[in-house]
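Single-letter residue listing:
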Protein chains: 2
Amino acid sequence: MLSKKSKYAIIALIHLAKRYGDGPIMIGRIAEDENIPKKFLEGILYELKNSGIVNSHRGRSGGYYLIKKPQEVYLAQIMRLFDGPIALIPCVTYQYYEPCPECKDEKTCSIRHVFKEVRDATVEILKKATLAEMIRIEEKLIKQL
Amino acid sequence: MLSKKSKYAIIALIHLAKRYGDGPIMIGRIAEDENIPKKFLEGILYELKNSGIVNSHRGRSGGYYLIKKPQEVYLAQIMRLFDGPIALIPCVTYQYYEPCPECKDEKTCSIRHVFKEVRDATVEILKKATLAEMIRIEEKLIKQL
DNA sequence: TTAAACTATACTAAATAGATAGACTAAATA
DNA sequence: TATTTAGTCTATCTATTTAGTATAGTTTAA
């Protein structure tokens, strides 16, 4: 399951992406608009800042804003930041590789083979899902109502 | 991530599927061959029995055996049994549906839309992955060595 | 100079994961 | 029929993670 941290991060980033170029948005504003506990969101935005996706200004009329372009931030990246690997078993991750302790031979492991397929399919979808694309999808869904 | 329970269940079921029709296999045998803690595996096989995938005989020469055909047991089913829904957010599951508390409008939610795609792609792969198919994949991988 | 807003660390409650313990029941066989 | 073997079933334990709160700052614009 996607953690609340990832979910809130995605929601907050979409919020910022919709206002890309408008200057800093206050944490309290985002928290209220998006129904996210403010204190919790503070920590999330702080991590997003440390990883170079957003930036902030302090003090009065401060807030957070996106520094990457909305079409350059994709969900896979955000999820990896907060939840770690996207793969469902550690032996098919690139960045967090670990062998399965009970595995007899990784090269012939059918479980690994299937979960690698799952991982590849998932990553393909989550790399296409940029913030810009998320906004586009929402607009499309609204039109269809 | 896949839980150890699901992983061990899949391994044990593949073990039984390879010996389908050979009569009961002891828990201790499976545990030793597959490097799974025996007591832990007991509980797992017990759950698999209660959900009608395997059956068992007690006493001397007892053990577990598959009652469903290897081509009728697929990974999605095993994972749902031990780990719950395959979807990454509860608003796109069929069997465990729950609305996201922070969601403003489910019908136009782009996050939901993308994670529904992920879910569908994952389920498609995990439904094809029957025990019979897992054995076939392993054989293919061995030949390729 | 003050209040709004971010920075940083630490803490806690609840849930879950991974496993173990132990008493019990059934079946085979010597 | 006594004994051994192996599954049955419930309970417990411990460590980790998750989700969220608390507190004590520091910056900066108005």
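Residues numbered from 1 in each chain as written. Chains lettered and ligands numbered in written order. Predicted model: local features only at pLDDT ≥ 70, side-chain atom pairs only at ≥ 80, totals over all residues. Heavy atoms only, no water.

How do you make sense of the nonpolar core when you look at a structure like this?
By size, the foremost hydrophobic cluster in this structure holds 102 residues, and its most contacted members are F115 of chain A together with F115 of chain B. Look past the residues within four positions of F115 of chain B in its chain and what remains in contact with it is L2, I10, L75, M79 and L126 of chain A together with L88, I89 and V92 of chain B. (Core = buried A, V, L, I, M, F, W, Y, C linked by side-chain atoms within 4.5 Å. Buried < 20%, exposed > 50% of the residue type's maximum accessible area, 1.4 Å probe, protein only. Contact = heavy atoms within 4.5 Å.)

I'm lost on the domain arrangement of chain A in this one. Help?
Note on interface size: it is often stated as the accessible area lost on association of the parts. Residues and elements named next belong to chain A. On domain assignment, one finds that chain A holds domain 1 (4-66) and domain 2 (74-129). A straight line from the C-alpha centre of domain 1 to that of domain 2 covers 28 Å. Residue-level contacts link ten residues of domain 1 with seven residues of domain 2. Buried surface at the junction of domain 1 and domain 2, both sides included, amounts to about 710 Å², of which 81% is carbon and sulfur. Here domain 1 and domain 2 share zero salt bridges between them. At the level of secondary structure, the elements contributing two or more residues to the side of domain 1 that touches domain 2 comprise α1 (4-18) and α3 (38-50). Broken down by element, the side of domain 1 that touches domain 2 gets its largest block of residues, five residues, from α1. Class assignment of the residues belonging to the side of domain 1 that touches domain 2 gives a composition of six nonpolar, two polar and two charged. (Domains from an automatic or database assignment. Buried area = accessible area lost by both parts, 1.4 Å probe. Salt bridge = Lys/Arg side-chain N within 4 Å of Asp/Glu carboxyl O. Helix = DSSP H or I, 4+ residues; strand = E, 2+ residues; numbered from the N terminus. Nonpolar A, V, L, I, M, F, W, Y, C, P; charged D, E, K, R; others polar.)

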